[in-house]
Amino acid sequence: MRRNIYLPEGCGPLFPDNQPLSVLQEAMERQTVLEGTAIRCDIRQDLTVRFGGYEGVIHRADAVHPAISGAERDIAVLSRVGKPTCFTITNLVVDGGGRPRLTLSRRAAQEQAIAWLLEHSGPGTVLPARVSHLEKFGAFVDLGCGVTSLIPLENISVSRIPSPSARFQVGQDILAVVTAVDPDTCRFYLSHKELLGTWMENAAAFAPGDAVPGIVRGVRDYGVFIELAPNLSGLADWRGDLAPGDQISVYIKSIRPECRKIKLQVIEKLAALQEPEPLRYFITDGEVSNWIY
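Residues numbered from 1 in each chain as written. Predicted model: local features only at pLDDT ≥ 70, side-chain atom pairs only at ≥ 80, totals over all residues. Heavy atoms only, no water.

**Student:** Explain the pattern of salt bridges to me, please; I cannot follow it from the model alone.
**Tutor:** Pairs may arise between side chains of opposite charge once their charged atoms sit close together. All told, the structure shown has 14 salt bridges when counted by the stated rule. The salt bridge involving D241 is made with R239; its shortest N-O contact spans 2.7 Å. Three or more residues are tied together by salt bridges with common partners; here these are E9, R80 and R106. (Salt bridge = Lys/Arg side-chain N within 4 Å of Asp/Glu carboxyl O.)

**Student:** Before we go on, may I ask you to explain unusual backbone geometry in this structure?
**Tutor:** Outside of glycine, negative phi angles account for most residues, and trans bonds account for most peptide bonds. Even without being a glycine, N18 presents a positive backbone phi close to 60°. As for its position among the elements, N18 is in the segment before α1 (21-30). The phi angle at Q45 is positive, at roughly 65°, despite the residue not being glycine. In this structure, Q45 sits in the loop between β1 (34-41) and β2 (47-51). (Helix = DSSP H or I, 4+ residues; strand = E, 2+ residues; numbered from the N terminus.)

**Student:** What am I meant to see in the pairing of strand β5 (residues 100-105) here?
**Tutor:** In the case of a regular strand, side chains alternate between the two sheet surfaces. The pairing of strand β3 (residues 54-58) with β5 spans three bridges and is parallel. Bridge pairing in β5 places I58 opposite L104. Two strands pair when backbone bridges link them, and strand β4 (residues 84-94) and β5 are joined in this way by six bridges, in the antiparallel orientation. If you follow T88 over to β5, its bridge partner there is S105. Counted along the chain from β4 to the antiparallel partner β5, the turn is five residues long, and its residue G98 has a positive phi close to 85°. (Pairing = 2+ DSSP bridges.)

**Student:** Could you clarify how one ought to interpret the environment of I174 in this entry?
**Tutor:** Looking at the element boundaries, I174 is found in strand β9 (residues 173-182). The sequence separation of I174 and R160 amounts to 14 residues, and the corresponding C-alpha distance is 19 Å.

**Student:** Could you clarify how one ought to interpret helix α3 (residues 106-120) in this entry?
**Tutor:** Given 3.6 residues to a turn, an α-helix orients residues that are three or four positions apart in the same direction. Here α3 spans 21 Å end to end across 15 residues, near enough to the 21 Å set by a 1.5 Å rise per residue. Three or more residues of α3 are buried, namely R106, A108, A109, Q110, A113, I114, W116 and L117. Of the surrounding elements, those touching the buried residues of α3 are β3, β4, β5, β6 (126-135) and β10 (187-191). N-capping of α3 is provided by S105, with a side-chain oxygen placed 3.5 Å from the backbone N of R107. (Expected span 1.5 Å × (residues − 1). Buried < 20%, exposed > 50% of the residue type's maximum accessible area, 1.4 Å probe, protein only. Contact = heavy atoms within 4.5 Å. Polar contact = N/O pair within 3.5 Å; in protein donor to acceptor, adjacent residues only side chain to side chain.)

**Student:** Is there a simple way to think about the sheet that holds β9 in this case?
**Tutor:** Hydrogen bonds along the backbone pair up the strands of a sheet, which may run parallel or antiparallel. Within the open sheet, the five strands sit side by side as β8-β7-β6-β9-β10. Their pairing is antiparallel. Both edges of this open sheet fall to β8 (148-152) and β10, since each of them pairs with a single strand only. Looking at each pair of strands side by side, their axes are set apart by 55° on average, direction ignored. By the bridge criterion, five bridges tie β6 to β9 in an arrangement that is antiparallel. Each residue of the ladder has a partner; that of A129, found in β9, is I174. (Axes fitted to C-alpha atoms, helices over the stretch in contact; angles between N-to-C directions.)

**Student:** Even after reading the chapter, I still don't get the pairing of strand β12 (residues 223-229), so can you show me in this structure?
**Tutor:** Counted residue by residue, β12 has six buried out of seven residues, so it is predominantly covered. Sheet topology places strand β11 (residues 211-220) next to β12; five bridges connect them, and they run antiparallel. In the strand pairing of β12, R220 is matched with G223. The antiparallel pairing of β11 with β12 creates a hairpin that spans two residues between the two strands. In this structure, β12 lies alongside strand β13 (residues 232-236), joined through five bridges in antiparallel fashion. Across the sheet, residue A229 finds its bridge partner in β13, namely L232. Counted along the chain from β12 to the antiparallel partner β13, the turn is two residues long.

**Student:** Please clarify how the layout of surface pockets should be interpreted in this entry.
**Tutor:** Regions of empty space are outlined by a rolling probe, equal in size to a water molecule, passed over the atoms. Taken as a whole, the second largest pocket holds about 810 Å³ of empty space. Lining the second largest pocket we find 32 residues, and of these R167, I215, E227, P230 and E277 sit closest to its centre. Elements with a contribution of two residues or more to the lining of the second largest pocket: α4 (199-203), β11 and β12. Considering every element that reaches the lining of the second largest pocket, the biggest residue donor is β11, with four residues. (1 Å grid on protein atoms, 1.4 Å probe; cavity = no way out; pocket = protein on both sides within 12 Å on 5 of 7 lines; lining within 4 Å. Points joined across faces, edges and corners; volume = space filled by probe spheres on them.)

Below, the structure is given as structure tokens:
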């Protein structure tokens, strides 16, 4: 995994309190990426950001990288209110009372992050990311400084899930693998399932005779598909009282590696888990060059 020096927004650290103006001046000269909290978006869609006892303004043109445009841009600006926000200081003027008037740029911070990603990331590169929001068709993740990319639903795991919320939560830190890069549009295309292990790797954690928890992922006339791990499912006999999403316990009757099949028997329904099980990554570093489920 490449250690991105440009962290997703919210990973901090926030700018500390009681810093002298000289620290702000140095940060501006070095174009250091800082983080504060957006506290207001005015009618012009300029953002006010508070950090370390100071406040600065990010003008609308500098609130989002130009790769985001139209209505998506307006939503991206409005949705920053109340959230951690990355920026650089682009102008500092001290007024007659000794207080600085600060102009900030989130776009400049994102341009730095994109430049780093373009230089260090290619197809197969494993990157850290933070889930920023979920849609039915996929999960948007922050690769650094609010630079977002989509993991499509079909790329999240081998197990069929009804929506990304069945696997991820907003704010969750995950890993992703780059499948393609478009330098002209500054877009990074991502997948996730390749990092969760092959059938054999996942099946090695189970044995016939085990009783383990599972999640119902599909109910068919001929049986019930039950997820044992994000990239591993088995089949149990049909039961009319089960529905997708049910948490259950199962007995493993057999594991057949030669045809990659697991036969299960449902024991009983379980209460829904309040927190999802932590994801187990089989690939956490380097580059994915060949992956066979």
